[in-house]
Amino acid sequence: ERKPRQEEERKPRQEVKKEGGDEDLEAYRKRKITQIESLEKLGRSGGVYIPPYKLARLHQDIEDKTSPEFQRQAWEALRKSINGLVNKVNVSNIKNLVEELFQENLVRGRGLFVRSIVRAQMASPGFTHVFAALISVVNSKLPEVGDLLIRRVILQFRRAYKRNDKIVTTAAIKFMAHLVNQKVVSELLALHVATLLLERVTDDSIEVCVSFIQECGQALEELSAAGAHFIYERFRNILHEGEIDRRVQYVIEGLFEVRRKKYSDFPMLVEELDLVDEEDQITHEVDLLDDTIKGEESINIFKAQPPEEYAADEAKWKHIGAEILGIEEHDGSDSSTDSDDSEEEKAADQKATQKILDFSEQDLVNLRRSIYLVIMSSLHFEECVHKILKLNISEGQEKEVCTMLIDCCAMDKMFNRFFALQAERLSRLQPVYQEHFAAMFDQQFNTVHRLETNKLRNIGKFFSHLLYTDAIPWTILSQVKITEETTTSSSRIFIKVIFQELCEQWGIKKLAARLADPDMQEAVGGFFPRDHPKNMRFAINFFTAIGLGVLTEDLRKQLEHAQVIQKTKAIEEQSTGDSSDSDSDSSSSSSSSSSSS
């Protein structure tokens, strides 16, 4: 019974072999290719290994260059190419490797590129400065790639910090430090990281923060001297408290030694890695504790696109890549190139004639942010003015600088002459700032009732400084008139602060002489009204109440003279009235006598 069964099992196998021999080789090849493609659809984890030569053959055999199978193979090739380039980069070959990198589609593969960079940096922290230089070059052409990397590094730092993973935290902050050195990210992120690490003092946090400051300390000293000084003062206080381990104290002392040597062992940039010009650098500003930050991990995974969209994206990247590398695109025939050139010229002319209106005012917001950062990061007012003048502020935007200076001055708890000195220097250097500050005085005086008392006092002293230094003309005071009807309690406090500050800086004699100057009468005439005794009396009482009654001596004499004239007029009117009454009485008596006779 067993022999017949074995014979029956052998017969189908022999038949299959015979059929396989007779089968057309081309059909067999196509069938095997479809089987491999179906396995490939399973992905990296569920599929099988396919040798490179088979992949290349499959790539060539697929006729539809926009099909999902072709897109998957292109994605795998892109991933392998990016990983290979990132793993090969070093100081000597980075310039050549960047050109090869821009030949890959970094818009579609930005997630793959960023993931590869982060993994390579985590595996080799000693090459962090090379990876940061590579990101700096890519960021100057494709800012979205730099922004994505910064967000992922921040998220990685957050996770490691919460888990108390010292190794990953150290690697992440080293990457952030070199991104600050390359000016890919703002120095505010570095200050935020250092402040967070020094908030809760532990041995590990101090060690990590010291290694972080060593890497980016020179950049902080250059970009934000005040912030670097604050960090080092915090280290000094921790050292004096002596609550940390002695070994960690030696680490902090080593950091101060590095600072004393001016970071000779930890330079901000190596000459071979300074690849991006300053005007081409794009600096991102990301908040370390922003809850809305997302790593966009989904773009690391392959997703098939509709054929039309895939073809359009490929054509668009081909144009972008050629523009980045400076390569001119050539078509098959001369007629097509001529038509494309003419179309490009028409499009360029159309773009040149179009005027884009930015109703979102994003440029204005960015300008205000830049001005604020310059003001708050400067140590001396002359340094701040120099930085402001280097911002290349376009014509008509000088008003934003004036507004920002006044707002910063108003927000302080006490008056800081730092902002007034900046306004004085700007007004002396460029007359346009003088005009804007004069216009801002009118605006502030008209809306002074909206301000709190502290802000009102700071702004009053701000303009008082500009007045006694003659940085702005005194004609700005011409709109002020001290009467009960034209002033409010807020405006009277504002005027009081200005005059008391002028008296404190000049002295009462010089102030009185300036107010008595005939050339100043048009500007300050409203402070001493002479149109009506009521207004004169109100002005005298106001200046006497604020301790400056000496300024109203001439006005007092004028009021006395006006009162004398008023009294004489009243006496004359009374005498004329009495004479008229007597005349009427005499006429009435004469008429009565005539009637009796």
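Everything numeric here is computed off the predicted structure, so don't read it as measured data. (Residues numbered from 1 in each chain as written. Predicted model: local features only at pLDDT ≥ 70, side-chain atom pairs only at ≥ 80, totals over all residues. Heavy atoms only, no water.)

Novice: What's the story with the overall build of the protein chain in this structure? I'm lost.
Specialist: Regarding its fold elements, the protein chain presents 27 helices and 0 strands. Taking all 597 residues of the protein chain together, 38% fall into the buried category. In the protein chain, of all internal contacts separated by at least 6 residues, the share reaching a separation of at least 24 is 74%. Carbon and sulfur atoms make up 50% of the accessible area of the protein chain, which totals about 35,100 Å². (Helix = DSSP H or I, 4+ residues; strand = E, 2+ residues; numbered from the N terminus. Buried < 20%, exposed > 50% of the residue type's maximum accessible area, 1.4 Å probe, protein only. Contact = heavy atoms within 4.5 Å. Areas by Shrake-Rupley, 256 points an atom, 1.4 Å probe, with all protein chains shown as cover.)

Novice: Is there a simple way to think about the environment of Glu400 in this case?
Specialist: With respect to the helices and strands, Glu400 occurs in helix 19 (residues 398–411). Separated by 32 residues in the primary sequence, Glu400 and Arg368 place their C-alpha atoms 6.8 Å from one another.

Novice: Which parts of the structure should I look at to understand a negative patch on the surface?
Specialist: Negative charge collects at one region of the surface, where Glu222, Glu271, Glu272, Asp274, Asp277, Glu278, Glu279 and Asp280 lie side by side. In this structure, Asp280 sits in the loop between helix 14 (246–260) and helix 15 (307–325). The class of Asp280 is partly exposed, set by a relative accessible area of 39%. (Patch = residues over 30% accessible without salt bridge, like charges linked within 9 Å, V, L, I, M, F, W, Y side chains within 5 Å. Salt bridge = Lys/Arg side-chain N within 4 Å of Asp/Glu carboxyl O. Lys, Arg positive; Asp, Glu negative; His and termini not counted. Charge placed at Lys NZ, Arg CZ, Asp CG, Glu CD.)

Novice: Got a minute to help me understand the nonpolar core in this structure?
Specialist: For soluble globular proteins, the rule of thumb is that nonpolar side chains tend to be buried together. Counting residues in hydrophobic clusters, the biggest one holds 83 residues, and the most contacted among them are Phe113, Ile213 and Phe235. Among the elements that make up this core, the one with the highest residue count is helix 12 (residues 203–223) (9 residues). Ignoring any residue separated from it by four or fewer positions in sequence, one finds Phe235 in contact with Leu198, Ile206, Cys209, Val210, Ile213, Ile252, Leu255 and Phe256. Counting residues in each nonpolar core, the second largest holds 67 residues, with Phe463, Ala539, Phe543 and Leu559 among its members. (Core = buried A, V, L, I, M, F, W, Y, C linked by side-chain atoms within 4.5 Å.)

Novice: What exactly am I supposed to notice about the packing of helix 21 (residues 431–446) against helix 22 (residues 453–468) here?
Specialist: Packing of helix 21 against helix 22 leaves a shortest axis separation of 12 Å and a crossing angle of 145°. In this structure, the crossing between helix 21 and helix 22 has a hand that is left-handed. Of the residues in helix 22, those touching helix 21 at Phe437, Met440, Phe441 and Gln444 are Ile459, Phe462, Phe463 and Leu466. Its residues assigned to classes, the contact of helix 21 with helix 22 shows 7 nonpolar, 1 polar and no charged. (Axes fitted to C-alpha atoms, helices over the stretch in contact; angles between N-to-C directions. Left-handed = near helix turned anticlockwise from the far one by under 90°. Nonpolar A, V, L, I, M, F, W, Y, C, P; charged D, E, K, R; others polar.)

Novice: Is there a simple way to think about the layout of surface pockets in this case?
Specialist: It is the rolling of a water-molecule-sized probe over the atoms that shows where space remains empty. Estimates place the volume of the largest pocket at around 1,300 Å³. The wall of the largest pocket is formed by 31 residues, among which Leu223, Glu278, Thr283, Val374 and Leu391 lie closest to the centre. The set of elements that each furnish at least two residues to the lining of the largest pocket consists of helix 11 (187–197), helix 12, helix 17 (362–377) and helix 18 (381–389). Here the residues of the lining of the largest pocket are counted per class, giving 13 nonpolar, 9 polar and 9 charged. (1 Å grid on protein atoms, 1.4 Å probe; cavity = no way out; pocket = protein on both sides within 12 Å on 5 of 7 lines; lining within 4 Å. Points joined across faces, edges and corners; volume = space filled by probe spheres on them.)

Novice: Could you clarify how one ought to interpret the environment of Ala545 in this entry?
Specialist: Within the secondary structure layout, Ala545 lies in helix 26 (residues 533–545). The spatial distance from the C-alpha of Ala545 to the C-alpha of Lys496 is 9.6 Å, given a sequence separation of 49 residues.

Novice: Any chance you could explain the side chain of Arg514 here in plain terms?
Specialist: With respect to the helices, strands and loops of the structure, Arg514 is situated in helix 24 (residues 508–516). Here Arg514 falls in the buried class, since its relative accessible area comes to 19%. Those residues in contact with Arg514, other than ones at most four positions away along the chain, are Asp470, Trp474, Trp506 and Met520.

Novice: What's the story with the state of the cysteines in this structure? I'm lost.
Specialist: Linking two cysteines covalently through their sulfur atoms gives a disulfide. Overall, the coordinates contain 0 disulfides when judged by the stated rule. Cys408 provides the cysteine sulfur closest to Cys384, a residue in no disulfide bond, and the two sulfurs are 8.9 Å apart. (Disulfide = S-S within 2.5 Å.)

Novice: Help me understand the confidence of the model for the protein chain in this model?
Specialist: Reading predicted coordinates in detail is not appropriate for stretches of low pLDDT. In the predicted model, the protein chain carries a mean pLDDT of 82, and the fraction of residues at 70 or more is 80%. Within the model, pLDDT remains below 50 along residues 1–6, and this stretch shows 0 contacts once partners closer than five positions in the same chain are excluded. In this model, residues 328–339 is a region of pLDDT below 50 whose contacts with residues beyond four sequence positions or in other chains number 6 contacts. (pLDDT = per-residue confidence, 0-100.)

Novice: Help me out: how do you make sense of empty space enclosed by the protein in this one?
Specialist: In the structure shown here, the tally under the stated rule is 1 cavity of 30 Å³ or more. Only helix 21 and helix 23 (489–506) provide two or more residues apiece to the lining of the largest cavity. Ranked by residues supplied to the lining of the largest cavity, first place goes to helix 23 with 4 residues. Of the residues that constitute the lining of the largest cavity, the class distribution is 9 nonpolar, no polar and no charged.

Novice: How do you make sense of the pattern of salt bridges when you look at a structure like this?
Specialist: Pairing of side chains with opposite charge becomes possible as their charged atoms draw close. Under the definition given, this model contains 19 salt bridges. A salt bridge links Arg428 to Glu424, with the nearest nitrogen and oxygen atoms 3.3 Å apart. With Arg428 and Glu424 both in helix 20 (residues 417–429) and 4 residues apart, the pair spans about one turn of that helix. Taken together, the shared-partner salt bridges connect Lys166, Asp204, Glu207 and Arg247 into one network.

Novice: Help me understand the packing of aromatic side chains in this model?
Specialist: The geometry of an aromatic ring pair comes down to the distance between the two centres and the angle between the two planes. Taken as a whole and assessed by the stated rule, the structure comprises 15 aromatic pairs. Between the aromatic rings of Trp75 and Phe302, the centroid separation amounts to 6.1 Å while the plane-to-plane angle is 55°, which identifies the pairing as tilted. On the criterion of sequence distance, the pair formed by Trp75 in helix 5 (residues 68–88) and Phe302 in the loop between helix 14 and helix 15 is long-range, its members being 227 residues apart. We note that Trp75, like Phe302, is buried. (Phe/Tyr/Trp six-rings, centres within 6.5 Å; stacked < 30°, edge-to-face > 60°.)

Novice: Sorry, what's going on with unusual backbone geometry here?
Specialist: Glycine aside, residues mostly have negative phi angles, and peptide bonds mostly take the trans form. The phi dihedral of Asn164 is positive, around 60°, even though this residue is not glycine. A positive phi angle is found at Glu296, which is not glycine, with a value near 50°. Of note, Glu296 is situated in the loop between helix 14 and helix 15.

Novice: Honestly, helix 26 in this entry has me stumped. Any pointers?
Specialist: Three- or four-residue spacings in an α-helix give side chains the same orientation, since the helix completes a turn every 3.6 residues. Over its 13 residues, helix 26 extends 18 Å from the first C-alpha to the last, a length consistent with the 18 Å expected when each residue adds 1.5 Å. Within the sequence span of helix 26, burial applies to Asn535, Met536, Ala539, Ile540, Phe542 and Phe543. Buried residues along helix 26 cover an arc of 160° about the axis, so they all sit on one side. Positive backbone phi, approximately 85°, marks Gly547, located one or two places after helix 26. (Expected span 1.5 Å × (residues − 1). Arc of directions from axis to C-beta.)

Novice: I keep staring at the environment of Leu155 and nothing clicks. Help me out?
Specialist: With respect to the element layout, Leu155 can be found in helix 9 (residues 143–163). Residue class for Leu155 comes out buried when judged on its relative accessible area of 15%. Separated by 17 residues in the primary sequence, Leu155 and Ala172 place their C-alpha atoms 9.4 Å from one another. For Leu155, the residues in contact, after removing those within four places along its chain, are Ile293, Lys294 and Gly295.

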